[in-house]
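# Structural description and commentary
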Amino acid sequence: MEAPRGVQVSAAAGDFKAACRKELHLQSTEGEIFLNADTIRLGNLPTGSFSSSPSSSNSRQTVYELCVCPNGKLYLSPA
């Protein structure tokens with residue numbers, strides 16, 4: 001969709017879903033992309049690897065931080 005003065009899509013009641021087979025791009029050339037929700041889920045993010053001391057190898061990592069590569073890709077890293 002294109003419009004000289006913008007496009008708005010809203011769902012006053014119920015869900016709004018966007019699905020695609022390969023890639024979904026959201027782009028703002030002069031502003032921001034604002035996601036306003038109680039929960040935002042990013043599924044299937046890769047997890048970065050790290051080396052730890054032998055004494056901590058038995059502990060299971062349960063806290064991660066979201067990291068962004070310079071190219072914009074997201075991944076999880078042990079916190």
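Structural data are supplied above this passage.
Throughout what follows, the structure given in this document is the object of discussion. Computed from a predicted model, the values in this text were never measured in an experiment.

## Observations concerning the overall build of the chain
- A tally of helices and strands in the chain yields zero helices and two strands.
- Looking at the chain as a whole, 4% of its 79 residues are labelled buried.
- Of the accessible surface of the chain, which amounts to about 8,200 Å², a share of 47% is contributed by carbon and sulfur atoms.

## Side note on the pairing of strand β1 (residues 64-68)
- As paired elements, β1 and strand β2 (residues 74-78) share five bridges and run antiparallel to each other. The partner of Y64 across the bridge, within β2, is P78.
- The antiparallel pairing of β1 with β2 creates a hairpin that spans five residues between the two strands, and G72 there sits at a positive phi of about 95°.

## A word on a nonpolar patch on the surface
- Together, L24, L26, I33, L35, I40, L42 and L66 line one region of the surface with nonpolar side chains, adding up to about 700 Å² of accessible area.
- Position of L24 relative to the elements: it lies in the segment before β1.
- The exposure class of L24 is exposed, given its relative accessible area of 54%.

## Some words on unusual backbone geometry
- The residue N44 is not glycine, and still its phi comes out positive at about 60°.
- Positionally, N44 belongs in the segment before β1.
- For N44, a relative accessible area of 81% translates into the label exposed.

## A short note on the environment of Y75
- Within the secondary structure, Y75 sits in strand β2.
- Assessed through its relative accessible area of 27%, Y75 is described here as partly exposed.
- Taking the C-alpha atoms as reference points, Y75 and P46, 29 residues apart in sequence, are found 5.1 Å from one another.
- Beyond its immediate chain neighbours, meaning those up to four positions away, Y75 contacts P46, G48, E65, L66, C67, V68 and C69.

Each value, and the rule that gives it
- Residues numbered from 1 in each chain as written.
- Predicted model: local features only at pLDDT ≥ 70, side-chain atom pairs only at ≥ 80, totals over all residues.
- Heavy atoms only, no water.
- Helix = DSSP H or I, 4+ residues; strand = E, 2+ residues; numbered from the N terminus.
- Buried < 20%, exposed > 50% of the residue type's maximum accessible area, 1.4 Å probe, protein only.
- Areas by Shrake-Rupley, 256 points an atom, 1.4 Å probe, with all protein chains shown as cover.
- Pairing = 2+ DSSP bridges.
- Patch = residues over 30% accessible without salt bridge, like charges linked within 9 Å, V, L, I, M, F, W, Y side chains within 5 Å.
- Salt bridge = Lys/Arg side-chain N within 4 Å of Asp/Glu carboxyl O.
- Contact = heavy atoms within 4.5 Å.

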